[in-house]
Amino acid sequence: VRLRDGRLTVTTSDDGKPFNPLARAAPGTSLPLQDRKVGGIGIHLARSMTDDIRYEHHTDQNTLTLIIGVDVPNERS
């Protein structure tokens, strides 16, 4: 996690099988919850709540980076 220049960056990685969650189609949200297929809501929320989201796979590592613009109050001495 890093906060710099009004941007909060959260990066997570794992060494599981390559999987790009951003390649999945957005889930349908018009049906009642009990009628929807399982899966996809988490990445849907991440997409809708961030300014930028990126996936990379390098050297057997999946890396997901979420970037959110934040208002940082001025610090006073």
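What you see is a predicted model; the values in this text were computed from it and never measured.

### What about the pattern of salt bridges?
Close approach of charged atoms allows side chains with opposite charge to pair. Using the criterion set out here, one finds one salt bridge in the structure. Across the salt bridge formed by Asp52 and Arg54, the nearest N and O atoms sit 2.7 Å from each other. For Asp52, a relative accessible area of 26% puts it in the partly exposed group. For Arg54, a relative accessible area of 42% corresponds to the partly exposed category.

### Brief notes about the confidence of the model for the chain
Counting all residues, the mean pLDDT for the chain is 89, and 96% of those residues have values of 70 or more. Mean pLDDT values over the elements of the chain span from 90, in helix α1 (residues 41–49), up to 97, in strand β4 (residues 61–69).

### What to know about the pairing of strand β2 (residues 7–14)
Summarising the sheet, strand β1 (residues 2–4) and β2 pair through three bridges and their orientation is antiparallel. Across the sheet, the residue bridging to Arg4 is Arg7, located in β2. Counting the residues in the hairpin turn of β1 and β2 gives two residues, including Asp5, whose phi is positive at 55 degrees. In the sheet, β2 pairs with β4 via eight bridges, with the strands oriented antiparallel. Residue pairing for β4: Asp14 is matched across the bridge by Asn62.

### Topic: the side chain of Thr50
Looking at the element boundaries, Thr50 is found in the loop between α1 and β3 (52–58). A distance of 2.8 Å separates the side chain of Thr50 from the backbone oxygen of Ala46, its partner in a polar contact. Discounting residues that sit within four places of it in the chain, Thr50 has contacts with Leu66, Ile67 and Ile68.

### Quick word on the environment of Leu64
When you line up the elements, Leu64 lands in strand β4. For the pair Leu64 and Thr12, spaced 52 residues apart in sequence, the C-alpha separation works out to 5.5 Å. Excluding anything up to four places from it in sequence, Leu64 contacts Val10, Thr11, Thr12, Pro21, Ile43, Ile53, Arg54 and Tyr55.

Cut-off values and rules
Residues numbered from 1 in each chain as written. Predicted model: local features only at pLDDT ≥ 70, side-chain atom pairs only at ≥ 80, totals over all residues. Heavy atoms only, no water. Salt bridge = Lys/Arg side-chain N within 4 Å of Asp/Glu carboxyl O. Buried < 20%, exposed > 50% of the residue type's maximum accessible area, 1.4 Å probe, protein only. pLDDT = per-residue confidence, 0-100. Helix = DSSP H or I, 4+ residues; strand = E, 2+ residues; numbered from the N terminus. Pairing = 2+ DSSP bridges. Polar contact = N/O pair within 3.5 Å; in protein donor to acceptor, adjacent residues only side chain to side chain. Contact = heavy atoms within 4.5 Å.

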